[in-house]
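Chain and residue survey
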Amino acid sequence: MKLEDIKEIAVLGTGTMGHGIALLCALAGYQVRLFGRSADSLNRGFQAIRSGLELLARNGLVEGSRMEGVMENIKGVTNLAEAATGADFVIEAVVENLAVKQGLFQEIEALVPPRAILASTTSGLDPTKIAALIKRPERFVVIHFWNPPHLLPLVEIVPGEKTTQSTVELARALVTRLGRKPIEVKKAVPGFVGNRLQLALLREALYIVEQGWATPEDVDAAVKYGFGRRLAVTGPLESADLGGLDVFYNIQAYLNQDLCREGGPSKLLKEKVERGELGVKTGRGFYDWQNERVLAVKRAREEDLIKRLREERLS
């Protein structure tokens, strides 16, 4: 199957990732069947889709005249057979549970045409294990969108052991058509690429606070007002090239031995979780999160992501 053969896409799940993926597919002109377990979940999904679409339109990233047409491209269904039958490409975005995903793909495989591509947007589960129970694992691939999908360009494409290169290439072509930036993870490893990098930074950040070397506020400031700004333009390896590999080699020679080497979760993080200080969801984590603060931080993050999308469009 070629990219031009993809006409209808099934998106399974209306939660955090599903509605954003459905929006991207509809914006690209595809007919989308959005599957939700109930009418209520579909209603929430469509509300989130319209909200995301309005945000893009307000900021000049989508023409206002297109909005209703985009919404009409998405059909909500609560019947799995109605979602999958005849679909050319299926993107699963349900709960991060291996057994649930395995069972779902077994059901889906019996409904879609043999040529259809089956994809999961898991953030870390092994694609080989997810596809272990289906008959055509060569047509299965992970395409891990980052949250929120309609604002963050990155998508990680991760093959399983039996995924063919043609499946990978078709997934990459589709992701590009959706206006995202695909990267290929050559071999599935826990956390793929993005989460490994993200968690490595978090491990050292927690360690610094745990040792009393800096406050959470100052650790966050070091990233936001220092190398975090640079990394939006030059990644870690580009930054190393620009700074001089000999310089980074010399720094690693003495600093690596002093970095956090904990094999398990942070003790500080464990204490926070045990006290029920889970962050925004409980109102307190490393910071106090009252409603106004939550909204202000989310709005600032959203505005920055929108600004970068507009800059990319103009470049």
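An account of the accompanying structure is given in this report.

Calculation notes
- Residues numbered from 1 in each chain as written.
- Predicted model: local features only at pLDDT ≥ 70, side-chain atom pairs only at ≥ 80, totals over all residues.
- Heavy atoms only, no water.
- Pairing = 2+ DSSP bridges.
- Helix = DSSP H or I, 4+ residues; strand = E, 2+ residues; numbered from the N terminus.
- Axes fitted to C-alpha atoms, helices over the stretch in contact; angles between N-to-C directions.
- Contact = heavy atoms within 4.5 Å.
- Salt bridge = Lys/Arg side-chain N within 4 Å of Asp/Glu carboxyl O.
- Buried < 20%, exposed > 50% of the residue type's maximum accessible area, 1.4 Å probe, protein only.
- Parallel < 35°, antiparallel > 145°, perpendicular 65-115°, else oblique.
- Expected span 1.5 Å × (residues − 1).
- Arc of directions from axis to C-beta.
- Left-handed = near helix turned anticlockwise from the far one by under 90°.
- Nonpolar A, V, L, I, M, F, W, Y, C, P; charged D, E, K, R; others polar.
- Core = buried A, V, L, I, M, F, W, Y, C linked by side-chain atoms within 4.5 Å.
- Phe/Tyr/Trp six-rings, centres within 6.5 Å; stacked < 30°, edge-to-face > 60°.
- Lys NZ or Arg CZ within 6 Å of the ring centre and 35° of its normal.

Remarks on the sheet that holds strand β7 (residues 154-159)
Pairing is mixed in the open sheet, where eight strands are placed in the order β3-β2-β1-β4-β5-β6-β7-β8. In this open sheet, the two edge strands, each paired with only one partner strand, are β3 (74-77) and β8 (181-184). Across this sheet, the average inter-strand angle for adjacent strands is 25 degrees, counted without regard to direction. With five bridges connecting them, strand β6 (residues 140-145) and β7 associate as antiparallel partners. Following the sheet pairing, Phe145 is matched in β7 by Val155. On the sheet, helix α5 (residues 98-109) packs against β1 (8-12), β4 (89-92), β5 (117-120) and β6 and is oriented at approximately 160 degrees with respect to β5. Each of β1, β4, β5, β6, β7 and β8 touches helix α7 (residues 165-177); the most contacted strand, β8, lies at about 160 degrees to it.

Quick word on the pattern of salt bridges
Pairing is possible between side chains of opposite charge, provided their charged atoms come close. One pass over the full model with this rule turns up 15 salt bridges. Across the pair Glu262 and Lys267 runs a salt bridge, and its minimum N-O distance is 3.5 Å. The class for Glu262 is partly exposed, based on a relative accessible area of 36%. Looking at Lys267, the relative accessible area reads 48%, which means it is partly exposed.

Here's the deal with the packing of helix α8 (residues 194-210) against helix α12 (residues 267-274)
Contact geometry for α8 and α12: axes closest at 8 Å, N-to-C directions at 85 degrees. When the interaxial angle is binned, α8 and α12 end up roughly perpendicular. Between α8 and α12, the contacting residues are Leu206, Val209 and Glu210 on the first element and Lys267, Leu268 and Leu269 on the second.

Topic: α5
Look at α5: 16 Å from first C-alpha to last across 12 residues, which is about the 16 Å you get at 1.5 Å a residue. Turning to α5, its buried residues are Lys101, Gln102, Leu104, Phe105, Ile108 and Glu109. All buried residues of α5 project into a common sector of 165 degrees when viewed along the axis, lining one side. Each element contacted by the buried residues of α5 is listed here: β1, α4 (80-84), β4, β5, α6 (127-130) and β6.

Remarks on the environment of Val280
Mapped onto the fold, Val280 is located in the loop between α12 and α13 (291-314). Setting aside anything within four residues of it in sequence, one finds Val280 in contact with Trp289 and Val294.

Section: the packing of α8 against helix α9 (residues 216-231)
The geometry of α8 relative to α9 is characterised by a closest axis approach of 9 Å and an angle of 140 degrees between their N-to-C directions. Relative to α9, the element α8 is oriented oblique. Every pair of crossing elements has a handedness; the one defined by α8 and α9 is right-handed. Facing Leu201, Ala205, Ile208 and Val209 of α8, the residues of α9 in contact are Pro216, Val219 and Phe227. Looking at the contact of α8 with α9 residue by residue, the classes come out as seven nonpolar, no polar and no charged.

Quick word on the nonpolar core
By size, the foremost hydrophobic cluster in this structure holds 46 residues, and its most contacted members are Ile9, Phe89 and Ile143. Sorting elements by how many residues they give to this core places helix α1 (residues 18-27) first, with seven residues.

Looking at the packing of aromatic side chains
Throughout the structure, instances matching the rule amount to three aromatic pairs. Taken together, a centroid distance of 5.2 Å and an interplanar angle of 85 degrees make the contact between Phe105 and Phe140 edge-to-face. Here Phe105 is found in helix α5, whereas its partner Phe140 is found in strand β6, with 35 residues between them in sequence. Note on Phe105: relative accessible area 0%, which makes it buried. Ring centres 5.5 Å apart and planes at 85 degrees place the aromatic pair Tyr207 and Trp213 in the edge-to-face group. Directly above the aromatic system of Trp289 lies the positively charged group of Arg293, at a separation of 4.5 Å from the ring centroid.

Function cannot be read off these values alone, since they describe shape.
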